[in-house]
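A closer look at the structure
One letter stands for each residue in the lines below.
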Amino acid sequence: MEASFHINRSFNCCRTPFLDGGGWGTMPSSMALQSKGFSGFKIPSNIVVASEYSRKQQRKSPAAKPKVPFSKGHSPSSTSKSKTDRSTQKRVQSDEKAEVRNQNFKETSRKHVAARAQTSESSSYSGPDDALKEVKLDLLEAKQSKVEPDVTSTIKSTVLEPLEGQVDSARDELDSTISSITFSEFGNGVAGEELPKDRPDLQNFLRDKRREESVPDAEELSKGTLENDMAKKQLLENLALSSFSSGNKFFVYPEVAIANHDIEVFLNRQMSALEKEPNVLIMGAFNGWRWQSFTKPLQKTDLQGDWWSCKVHIPKEVYRMDFVFFNGDKVYENNNSQDFYMPVEGGMDIFDFEDFLLKEKRREIEKLAAEQAERERRAAEQRRLEEEKAASEIDKLQAKTEAGKRREILQQIMRKAVNSVHDQWYIETSQFMGGDKVKIYYNRNSGPLAHCGEVWIHGGHNNWQDGLTIAERLDHSDGSWWSADVTVPDRALVLDWVFTDGPPGHAKVYDNNKLQDFHAIVPQSIPEDRYWLEEEHQIYIKLQQERKLKEEAKRLKAEKTACLKAETKERTLKMFLLSQKHIVYTDLLDVQAGCPVTVFYNPTNTVLNGKSEIWFRCSFNRWTHRLGSLPPQKMISFDSSSHVKATVKVPLDAYLMDFVFSEREDGGIYDNRNGMDYHVPVIGGVAREPPMHIVHIAVEMAPIAKVGGLGDVVTSLSRAVQELGHNVEIILPKYDCINYTNVKDMQFLREFGWRGTQVKVWFGKVEGLPVYFLEPQNGMFWVRCIYGCKNDGERFGFFCHAALEFLQQSGSHPDVLHCHDWSSAPVAWLFKENYRHYGLSNTRVVFTIHNLEFGAGLIGKAMANADKATTVSITYSKEVSGNPAISPNLYKFHGILNGIDPDIWDPYNDPFIPVSYTSENVVEGKKAAKEALQQRLGLRKSDHPLVGIITRLTVQKGIHLIKHAIWRTLERNGQVVLLGSAPDPRIQNDFVNLANQLHSSHADRARLCLTYDEPLSHLIYAGADFILVPSLFEPCGLTQLIAMRYGSVPVVRRTGGLNDTVFDVEHDKERAKAQGLEPNGFNFEGADTAGIDYALNRAMTAWYDARSWFNSLCKQVMEQDWSWNRPALDYMELYHAARK
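Per chain, the residues get numbers from 1 upward, laid out in the order the sequence is written. With the structure being a predicted model, the display of local features is reserved for residues of pLDDT at least 70 and the display and counting of side-chain atom pairs for 80 or more, all residues being used for whole-chain, interface and lining totals. Only hydrogens and water are set aside; all other atoms, that is, all heavy atoms of the structure, feed into the side-chain values.

Before going further, it helps to examine the side chain of D1121. Counting from the N terminus, the helices are the DSSP runs of H or I reaching at least four residues and the strands are the DSSP runs of E reaching at least two. As for its position among the elements, D1121 is in the loop between α24 (1107–1119) and α25 (1125–1139). Within the buried set, D1121 has no salt-bridge partner at all; the shortest N-O distance to an opposite charge, 6.7 Å, is to R1045. Here a polar contact means two N or O atoms within 3.5 Å. Within protein one must be a hydrogen donor candidate and the other an acceptor candidate, and residues neighboring in sequence count only if both atoms are side-chain atoms. Polar side-chain contacts of D1121 include one of 2.3 Å to the side chain of T572. Side chain to side chain, D1121 and S1123 meet in a polar contact 2.6 Å long. Once residues lying within four places of it in the same chain are set aside, the contact partners of D1121 are T568 and T572. Classification of residues uses two cut-offs on accessible area relative to the type maximum, computed with a 1.4 Å probe and protein chains only: under 20% is buried, over 50% is exposed, and between them is partly exposed. Counting rule applied: Lys, Arg positive; Asp, Glu negative; His and chain ends not counted. In the sections that follow, a salt bridge refers to a side-chain nitrogen of Lys or Arg positioned within 4 Å of a carboxyl oxygen of Asp or Glu. What makes two residues a contact is simply this: any of their non-hydrogen atoms within 4.5 Å.

Given below as C-alpha cells:
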C-alpha cells in the first residue's frame, strides 16, 4: 500500500516551547505547507500529501510559533508563516477517499480484535536483508551495464510486491480467524441445545462444562499471547522495511492514529540527522502545536535496522499530531525544517477544537477571575483588620481621655460630698457599700418642698453617670422628717440625688441643693483606681459598639447604593436595546456567546420598505472577528407580519454583534442605520472589547473650572465612558483661579516649547480622571478668570494648538479627540491641517455644540472639519439644523442627550436633605424634605402643592412665564420657592422688587432666594412637588432631569432637550413608549401665559384630586434613568462610527 509523504509547516524550536495540559498557543498560519523540491517518498497510508490535506482542512488560522535560531538540518525551522485571510472554504472529500479511510480503520480494528489469530505463511519471509541484497544486485548489474537504474521499479518488484502479497495473506487469515469464532464460544448457552427444565443435574453439568470451556488454561493463554506478539512483530518488520525502502525516516503503529488511544512512533535513526546521537527523543504537541505538548525518550527496538520507538497517548480533542525528533539538546530531525505531522481520526475537527479552546479559555478566565476575587477579598479583609486595629487604638485613646475627664469631675464632687447636712438630710447608716440598702432622711421644711403633699427622691451615682437609676417615695417619719430606703448601685463611688414632689415625669417642684444636687460618698466602695480602670474599659467597649454600628449602617447603605446603580444600569441597557424595537430586536434580548440568536427586522420603517427580499449581513466584534463576515443570509417572513427574521450562531469569542440589511445578496440598497450600523452587545464571551483612548480638549471641567453645563458634561461623560472600560483623558488650561485642593496627586510632568513660548505640563486626577494642565509661560491663563478677557479667542486658540502639539511631542496616539463649543473648536481644523499627517493619522475628531448662541463662525468651521459632530439633544439638533453653521454638514450631525451625575444628585446619599429615600419610600422622604424646606424658609407648615423654580434668571429661561407661574400657583392655594440670580442687573432688581412684594403679601406661601445656594437647591429638589422649567429654548437642560431623580414632577415647555426628556401624562403616551419609557410630567407648547396655565393647572388638579396617582407618578419618574449610562453608550457608538 502506497501513499505520499505529508509535509507540515516548520516547528520553531524553543527549549520549552509548549504549555502543558490546557496550554494556550496561537493558531498556525497554515495547517499544512508543501516542502520545496520534495519528491514525495512513499510511506504508510495514514500519511497524506500536504496539498491533499490542506483541501480537507481548509480552515486557516493566524499565528506563528516563537523563533529560536538553530542550524538548518539540526533544529526546527526558525521561519514563521504569514497570516492568512479570514475566508473559509468547504471541505472536499470524495466518497472514494472516505471509503478508503473507513477500510483502513476496519483493518486496524481487526488486528486488535483477533487476539487468537495465528500468523500466516508470511512468517516464512526471510526479512528485509534478502530483499535488499536483491536490490543491491540489480543496482550493481545496472551500473556495470551502464544503464540508468530504475530504483523505484526495482524496489517495487523485489521488495514491495512480495511484501504486499504476504501482508494481504496475513490479513486474510486474520479475517478467517475472526469469522470462525462462533456464537457458542461467547453466548449464554450451547449452540443448538435446549436445556430441559426438569433436569437440574444436567443443567449443573452443562453450566460447569461452559465454565471449563470459557476459561482457557495457562498454556493456551501463553500460546495465544505468543502468537499475537509474533504477528505484531512480523507486521512491524514489514512496516519498517516498507518505510526504509521508501526512504521514509519514521512510521507509526497502528497505521491509523485514533483519538484517545496510544500510538507507537518508530524512527530510523540511521536515516535521520540523529544518526550519530546516543539519545533520541520525540518532542511534539497536537493540533498545530496548540495542545498538550510532550517530550518522550525513544528506545532501541529489536527490529532489523536502526529503529527506535516510543508510545504516545493521543488525547480525545485531537485532529492531528505534530512532532520532531532531537537528541535532548540542539540536534534536531525536523523533516528539513518542515516538522512532521499526521492526521488523527475519531477526535475533534478543527472547528470543534476552536470552540473547545474558547471554552477552555472561558474556564481559565473564570478561574483567574475567581482567584483575583479571592485575592481582593483577602486584601480587603487584611485592610479591614488593619483599619479595625487602628480604629481600636483610637477608641482606646478616646476611652482613656474620656475616663480621665470623668475622674477629674467626679473627684471635685467627692471633695465637696458629705454624709449629712444638719437639719436638712442625713443617711442613717455610716458604713455601706454597693448593693446595700440605706435609709435617707430629709427635712421637708428645709427647702421648697415644705408645702408639698408628697416627697420623692430621684437619684443616680457617680455624677449621674447612668442617668436616673433611683426613684423612691419618702414616707413621713417624724415631724418634718421624711425617709426612704434606697439601694446603693453596685459600682457607686458617690450617690447623687434631688428631692421632688412627684415621680419621674410628673414632678414639678424640686429641691436640688441650689442647683448643686445632693452628693454622698459611698464609704466602702471598690478601690478608685480599679473603678477607673474598669470604667475606661467600659467606655472603650461602648465606643467600639457605636463605631461598628455606624460602619455597618454605612456598609449596608453602600451596598444598597451599588445595587440600585447596577439595577438602573441594567434597565438602561435593556431600554437601549429596545429603543429601536419598531425596527430591529433580538430573541433573546440578552445575546449569549456560543448560542444561536434570532434577529427580527421590520423593513417598513426603513429605506428597505417595499423590497421583495431582505438580506442579513452579520459579523462580530465591530466587524473584526477572526471568522470575518458571515455569508449573506436571506431573511424569512413569519406570522403574516411585516417582520422578517434570520438566525445565526454567536461565536464564543464575540463581545459585540454587528449587522446591516440589504435588498439583494450582492448588496444594492443598504439599511446601515445612517452609517452607524446595528450593534448588539454579547454577554458571556471569552473576549472583551479593546479599550478606546479618548482625549477631551476643553476649557471647562467640573468642579475645578466650571462656568456652565459644559464643565459638567466634560467630567460626567468622561467618568461614564471610563466606567465602560475605556481610557479617557482631559487636557485643560492651568488657570490661576482653579481650586487645586480638588486635584489629587498634582505634579509637574514636562515642558515643551511652541511658538516661542515655553509650556509647562502638569498632571493630576480630578474625580478619578487623568487631567493634563497646560500652563503657557506667556501668562495667557494668569488672569484670575476663565472667560471675560478681550482676547479670549486668542487665548483659547493658543491653548488648542498647544494641546495638539503636546500630544504629538509626547507620542500619544488617541483614537478620538473630543472638542467642545467655540472655545476648543479650533482643534478640529488645526488637527486636520497640521497633525493628521504628522503622527496622529489614526485619530478622529468629534465636536460637540453645547450652545449655538456663541461663536457660530468657529462652530461652523469645526463642523466642516470634524469627523462627527453632536449637540446635546435630538430636538435641539433639529431646531438648529437650518443654521448656516450646521446645515452643510447635517450628514455627520447627531443629537445625544446630556445626563446628570447620579453620585452628586442622589436622594439616598444626599447630606443636604433630612431623610434619605429611594423610589420605595419616596412619599415619606419628600414629606420630610418639604417640612424641612418650609421650616428653613419660614413658610407655613401645611399640606399644599409646592412648586420649585431653580434657574438662572435670563430671557432664555422664560422669565415672563416664571413671574406668571408664581402668581398662578398662589391663586391655586399652592406654595412657591424660587432659587436663582440674574447676570443682568436690571433683571436682578426686577426680581428683588417682586420678592419684596411677595414676602409682604404672601410671606407664608412664597419665598424668592435671589442667590446661588447649592445645599438649598438639593432641599428644593427633594421638597418640591413640581419643578417648573418654562425655557424659550433649551439645548438640553439638566433641571428637569435632577427633579425626576428626586421624585419631583417636571412642568416644562416643549423645546430642545425638555421635549426629549419630559413626556406629558395625557398627550405623550405613544411618544414615551417609543423610547421605552412611561409618561413623566406635564408640558405645554406656546411661550404665552395660556400655555403655562394649561400645564400648571393640570398638574395642580392631579395633586389635589388624585393624590394616590400622583404619588405613583413620583415613584415612576424617580425610577427612570437620566444619568450618563445611556448617553455614554450613544457616544461610544459615535466614536466607533467616526473611526470606521
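Now that the structure is up, let's keep going.
The next point concerns the pairing of strand β31 (residues 727–733). Among the seven residues of β31, six are classified as buried, and the element is accordingly described as predominantly covered. Strand pairing is defined by DSSP finding a minimum of two bridges between the two strands. Bridging between strand β30 (residues 693–697) and β31 involves five bridges; their strand directions are parallel. For H693, the partnering residue across the bridge sits in β31 and is N727. For crossovers, right-handed means that the path from the first strand over the helix to the second runs clockwise, given strands pointing away from the viewer. Each parallel crossover has a hand, and the one from β30 via helix α10 (residues 709–723) to β31 is right-handed. The sheet contact formed by β31 and strand β34 (residues 769–776) spans four bridges and is parallel. Each residue of the ladder has a partner; that of I731, found in β34, is Y772.

Let's shift gears to the environment of A1090. Tracing the sequence through the fold places A1090 in helix α23 (residues 1089–1105). Look at A1090 and you get exposed, because its relative accessible area is 52%. With 129 residues separating them along the chain, A1090 and L961 place their C-alpha atoms 9.9 Å apart.

Turning our attention to the side chain of Q934. Checked against the element boundaries, Q934 lands in helix α16 (residues 922–937). Exposure remark for Q934: the relative accessible area of 1% places this residue in the buried category. Ignoring sequence-local partners within four residues, the contact set of Q934 consists of L939, R940, K941, S942 and Q975.

This part is about the packing of aromatic side chains. Between the rings of Phe, Tyr and Trp (Trp by its six-membered ring), a pair exists once the centres lie within 6.5 Å; its type follows the angle of the planes, with under 30 degrees stacked, over 60 edge-to-face, and the other angles tilted. With the rule as written, the count across this model stands at 47 aromatic pairs. On the numbers, 4.9 Å between centres and 90° between planes, the contact of W425 with W497 is edge-to-face. One end of the pair, W425, is in strand β11 (residues 425–427); the other, W497, is in strand β17 (residues 494–500), with 72 residues separating them in the sequence. The burial state of W425 is the same as that of W497; both residues are buried. Measuring from centroid to centroid gives 6.4 Å for F781 and F799, while their planes differ by 80°, and the two rings are edge-to-face. Placement of F781 in the loop between β34 and α11 (792–810) and of F799 in helix α11 is noted, with a sequence separation of 18 residues between them. Considered together, F781 and F799 belong to a single accessibility category, that of buried residues. One aromatic cluster is present, formed by Y735, F781, Y787, F796, F799 and W822 through successive ring pairs. The ring of Y908 has K557 sitting right over it, with the charged end atom 5.2 Å from the ring centre. Ring-over charges, as used throughout, are those where CZ of Arg or NZ of Lys falls within 6 Å of the ring centre and within 35 degrees of the ring normal.

By nonpolar core we mean a set of buried residues, namely Ala, Val, Leu, Ile, Met, Phe, Trp, Tyr and Cys, connected to one another through side-chain atoms within 4.5 Å. Membership of the largest hydrophobic core comes to 77 residues, with the highest contact counts inside it found for L953, I966, L978, F991, L1008, F1026 and F1082. When residues of this core are assigned to their parent elements, the largest contribution, seven residues, is made by α23. In contact with L978, not counting residues within four places along its chain, are I949, L953, I962, I966, F991, R1007, L1008, C1009 and L1010. Counting residues in each nonpolar core, the second largest holds 62 residues, with I731, Y735, A828 and F847 among its members.

Okay, the pattern of salt bridges next. Opposite charge on two side chains permits pairing when their charged atoms draw close. Applying the stated criterion across every chain yields a total of 60 salt bridges. Linking R547 and E388 is a salt bridge whose minimum nitrogen-to-oxygen distance equals 3.2 Å. On the criterion of sequence distance, the pair formed by R547 in helix α9 (residues 528–578) and E388 in helix α8 (residues 350–416) is long-range, its members being 159 residues apart. Both residues of the pair, R547 and E388, count as buried. K439 serves as the salt-bridge partner of D485, at 3.0 Å between the closest nitrogen and oxygen. In this pair, D485 is assigned in strand β16 (residues 481–487) and K439 in strand β12 (residues 437–443), connecting sequence segments 46 residues apart. What emerges from the salt-bridge pattern is a single network uniting E402, R406, R491, R530, E534 and E535.

Turning our eyes to something else, we now look at the sheet that holds strand β22 (residues 596–601). Across the sheet, four strands lie side by side as β20-β22-β26-β25; this open sheet has antiparallel pairing. Every interior strand has two partners, whereas the edge strands, β20 (584–587) and β25 (636–637), have only one. The pairing of β22 with strand β26 (residues 644–649) spans six bridges and is classified as antiparallel. Residue pairing across strands places P596 opposite K649, the latter belonging to β26.

This next bit is on the environment of S629. Following the sequence through the fold, S629 ends up in the loop between β23 (615–620) and β24 (633–634). Along the sequence, S629 and C618 sit eleven residues apart, while their C-alpha atoms lie 5.9 Å from each other. When sequence neighbours within four positions are dropped, the list of residues in contact with S629 reads C618, S619 and W623.

Moving on, we get to the sheet that holds strand β10 (residues 420–421). In space, the five strands of this open sheet follow the order β10-β11-β12-β16-β15, with antiparallel pairing throughout. Each end of this open sheet is capped by a strand with a single partner; those strands are β10 and β15 (475–478). In the sheet, β11 pairs with β12 via three bridges, with the strands oriented antiparallel. Within β12, the residue paired with I427 across the bridge is I440.

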